[in-house]
There are 2 protein chains.
Amino acid sequence: MTDIRDTKKQILDLAESLLLDRGYNGFSYKDIAAALGIKTASIHYHYPRKTDLGVSIIERAIRRFEKWGLSLEHRNLDSSRKLDEFCSLFKSFASRQQVCLGGSLQTDFKTLPEEMQQKSCEFASVLLQWLEVLLRDGRNTGAFRFPGEARDEAVLIISSLQGSIQMDRVTSRSSFRSAVRQITLSVSP
Amino acid sequence: MTDIRDTKKQILDLAESLLLDRGYNGFSYKDIAAALGIKTASIHYHYPRKTDLGVSIIERAIRRFEKWGLSLEHRNLDSSRKLDEFCSLFKSFASRQQVCLGGSLQTDFKTLPEEMQQKSCEFASVLLQWLEVLLRDGRNTGAFRFPGEARDEAVLIISSLQGSIQMDRVTSRSSFRSAVRQITLSVSP
DNA sequence: GTCTATAGCGGGATAGAC
DNA sequence: GTCTATCCCGCTATAGAC
């Protein structure tokens, strides 16, 4: 134990957590080093530039979401239950007073290195596409009822989850639950 | 012209714009100075600490929103039209690829000086309260139709506007329009 | 792989001349 | 009010010993 992969993974985990806490410009290699009891030079060995670290966070998040999607299929859940599970992904951020990855990246977007900007677009695209398909299929089978296009509804749901997690920080943690309640009501047949 | 008030106002205007572009940790006194053709020391004369500048931005935004609310009353608009105007406030950010003030502050929240954190809470509270009242009254008069509590619906609408403006940066500027379309549909009787 | 040491830059902030 | 000059700090990143 504590071999290469462990340290590298610990750095990535902590950097991700700091990114969701404080934004890309709000944490430093020094923060990570202090928390792990190592020196900043060691982090540069694993991730030469902060850009590399940022890109790795997003790439892993995309892979993780795709695996999560597959695991849902294996559990044979109905559409409504899948939407619940999707909301639960965001709930875990809210419980730590963190924002979601998309929200963090998009808010800092103009200050991000270009490699991270590209990955940020890809990340948002993957989530939107997944939810759009879920909503369209679910409406066809009668699991959901909503007006307009499935794409628009997917945007509405993700952006309200994203926004309400942020708002949670300034409203005694009540906003996220409000948004989920209202989302659930608005798509129920 | 170009008296005290002008320079001070120009600094505040530019700082606000930079805040919505790049976040609180993404701009510096140097950025402002360069854009205005002055030196950073001059900015410190008007706003001794960056904290003072940040607080002033939020305080002005609150006053501006309250004036805006009053101006709506004088125009004798119906509830549905008022909601349109509210969405238009966010549209002006989207058109510049900026995020809204609430989204910027809430995402950076944990890195903000305490005085700014308090003002951030106040700002969100003012907007939420205003929209909650509009929705409740509008439902009573038949202008709106939505399930659940007016407070929850207000959270849903503001958080989706906030989130979709952020998402606009990574989705070819299509997200904000999607969200507004869907919000309009979801509350129409 | 991790360390010490350091380079090099940019940040916020202040003193004092004009 | 605005300037020059400067301080001190924290940041990313690199070189080279161990």
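The rules we used
Residues numbered from 1 in each chain as written. Chains lettered and ligands numbered in written order. Predicted model: local features only at pLDDT ≥ 70, side-chain atom pairs only at ≥ 80, totals over all residues. Heavy atoms only, no water. Helix = DSSP H or I, 4+ residues; strand = E, 2+ residues; numbered from the N terminus. Expected span 1.5 Å × (residues − 1). Bend = angle between axes of the 7 residues up to and from the residue. Buried < 20%, exposed > 50% of the residue type's maximum accessible area, 1.4 Å probe, protein only. Contact = heavy atoms within 4.5 Å. Axes fitted to C-alpha atoms, helices over the stretch in contact; angles between N-to-C directions. Parallel < 35°, antiparallel > 145°, perpendicular 65-115°, else oblique. Nonpolar A, V, L, I, M, F, W, Y, C, P; charged D, E, K, R; others polar. 1 Å grid on protein atoms, 1.4 Å probe; cavity = no way out; pocket = protein on both sides within 12 Å on 5 of 7 lines; lining within 4 Å. Points joined across faces, edges and corners; volume = space filled by probe spheres on them. Core = buried A, V, L, I, M, F, W, Y, C linked by side-chain atoms within 4.5 Å. Salt bridge = Lys/Arg side-chain N within 4 Å of Asp/Glu carboxyl O. Least-squares fit on C-alpha atoms with pLDDT ≥ 70 in both.

Participant: Requested: an account of helix α5 (residues 79-95) of chain B, with residues and values cited.
Facilitator: All names here are of chain B. In a regular helix each residue adds 1.5 Å, so 17 residues correspond to 24 Å; α5 covers 25 Å between its end C-alpha atoms and thus fits that length. When the local axis directions of α5 are compared, the greatest deviation, roughly 25°, occurs at L89. Taken as a whole, α5 has its buried residues at S79, K82, L83, E85, F86, C87, F90 and A94. Where the residues of α5 are buried, they touch α4 (50-74), α7 (114-140), α8 (150-167) and α9 (175-187). A positive backbone phi angle near 60° is found at Q97, which sits one or two residues after α5.

Participant: Which residues make up helix α4 (residues 50-74) of chain A, and what values go with them?
Facilitator: The terminal C-alpha atoms of α4(A), which comprises 25 residues, lie 37 Å apart, in line with the 36 Å expected from a rise of 1.5 Å per residue. Phi turns positive one or two residues past the end of α4(A), at N76(A), with a value near 55°.

Participant: Could you give an account of the packing of helix α5 (residues 79-95) of chain A against helix α9 (residues 175-187) of chain A, with specific residues and numbers?
Facilitator: To characterise two packed helices, one gives the angle between the axes of the helices and the distance between these axes. Residue and element names in this part refer to chain A. The geometry of α5 relative to α9 is characterised by a closest axis approach of 11 Å and an angle of 170° between their N-to-C directions. With respect to α9, the axis of α5 lies roughly antiparallel. Residue-level contacts link L83, C87, F90, K91 and A94 of α5 to F176, V180 and V187 of α9. In terms of residue class, the contact of α5 with α9 is made up of seven nonpolar, no polar and one charged.

Participant: Provide a residue-level description of empty space enclosed by the protein, including the pertinent values.
Facilitator: It is the rolling of a water-molecule-sized probe over the atoms that shows where space remains empty. Taken as a whole and assessed by the stated rule, the structure comprises one cavity of 30 Å³ or more. Its boundaries defined by the atoms lining it, the largest cavity holds a volume of some 40 Å³. If you go around the largest cavity, the residues you meet are R22(A), G23(A), Y24(A), N25(A), G26(A), D108(A), R22(B), G23(B), Y24(B), N25(B), G26(B) and D108(B). Taken together, the residues of the lining of the largest cavity break down into two nonpolar, six polar and four charged.

Participant: Any details on the nonpolar core? Residues and values, ideally.
Facilitator: Counting 60 residues, the largest nonpolar core has F86(B), L131(B) and L161(B) as the members making the most contacts within it. By residue number, the principal contributor to this core is α7(B), which donates ten residues. Residues within four places of F86(B) in sequence aside, it is in contact with F65(B), W68(B), L127(B), W130(B), L131(B), I158(B) and L161(B). Counting residues in hydrophobic clusters, the runner-up holds 59 residues, among them L19(A), F65(A), V187(A) and L156(B).

Participant: Before we move on, can you summarise the environment of Q106(A) with the specific residues and values?
Facilitator: With respect to the helices, strands and loops of the structure, Q106(A) is situated in helix α6 (residues 101-107). A residue is classified by how much of its surface remains accessible, and Q106(A), at 3% relative accessible area, is buried. When the C-alpha positions of Q106(A) and A124(A) are compared, they lie 9.3 Å apart, and in sequence the two are 18 residues distant. The residues contacting Q106(A), other than those within four sequence positions of it, are A124(A), Q162(A), G163(B), Q166(B), M167(B), R169(B) and V170(B).

Participant: How would you sum up the pattern of salt bridges? Please name residues and give values.
Facilitator: Evaluated as defined, the whole model comprises 30 salt bridges over all chains. A salt bridge links K9(A) to D13(A); its shortest N-O distance comes to 2.8 Å. In this pair, K9(A) and D13(A) are both assigned in helix α1 (residues 4-22), four residues apart and thus about one turn of the helix distant. Put simply, E85(B) and R81(B) hold a salt bridge, and the shortest N to O gap is 3.0 Å. Of the two residues, E85(B) and R81(B) both sit in helix α5, four residues apart, roughly one turn of that helix. Through salt bridges with shared partners, one network takes in K9(A), D13(A), E16(A), R60(A) and R64(A).

Participant: Outline the environment of S104(A), supporting the account with residue identities and numerical values.
Facilitator: Considering the arrangement of structural elements, one finds S104(A) in helix α6. On the basis of relative accessibility, which here comes to 0%, the residue S104(A) falls in the buried class. Here the alpha-carbon distance between S104(A) and Q166(A), two residues 62 residues apart in the chain, equals 9.4 Å. Residues in contact with S104(A), not counting those within four places in the same chain, are L19(A), L20(A), G23(A), V99(A) and T107(B).

Participant: Residue-level account of the relation of the copies chain B and chain A, with values.
Facilitator: Superposing the two chain copies requires a rotation about an axis and a translation along that axis. Taken as rigid bodies, chain B and chain A are interconverted by a rotation of 180° and an axial shift of 0.0 Å, the fit giving an RMSD of 0.0 Å. Such a combination of rotation and displacement between the chain copies is what one expects of a two-fold axis. For chain B, the residue whose C-alpha comes nearest the rotation axis is S160(B), separated from it by 1.9 Å. Taken together, the interface assignments show that 100% of the residues at the interface of chain B recur at the interface of chain A, consistent with an identical surface on both copies.

Participant: Quick rundown of the packing of α9(A) against α8(B)? Include the residues and the values.
Facilitator: Interaxial distance between α9(A) and α8(B) falls to 8 Å at its minimum, and their mutual angle equals 95°. Classified by the angle between their axes, α9(A) and α8(B) sit roughly perpendicular to one another. From α9(A), S175(A), S178(A), A179(A), R181(A), Q182(A) and I183(A) reach across to α8(B), where they touch D152(B), E153(B), V155(B) and L156(B). In terms of residue class, the contact of α9(A) with α8(B) is made up of four nonpolar, three polar and three charged.

The analysis is restricted to geometry; functional conclusions fall outside its scope.
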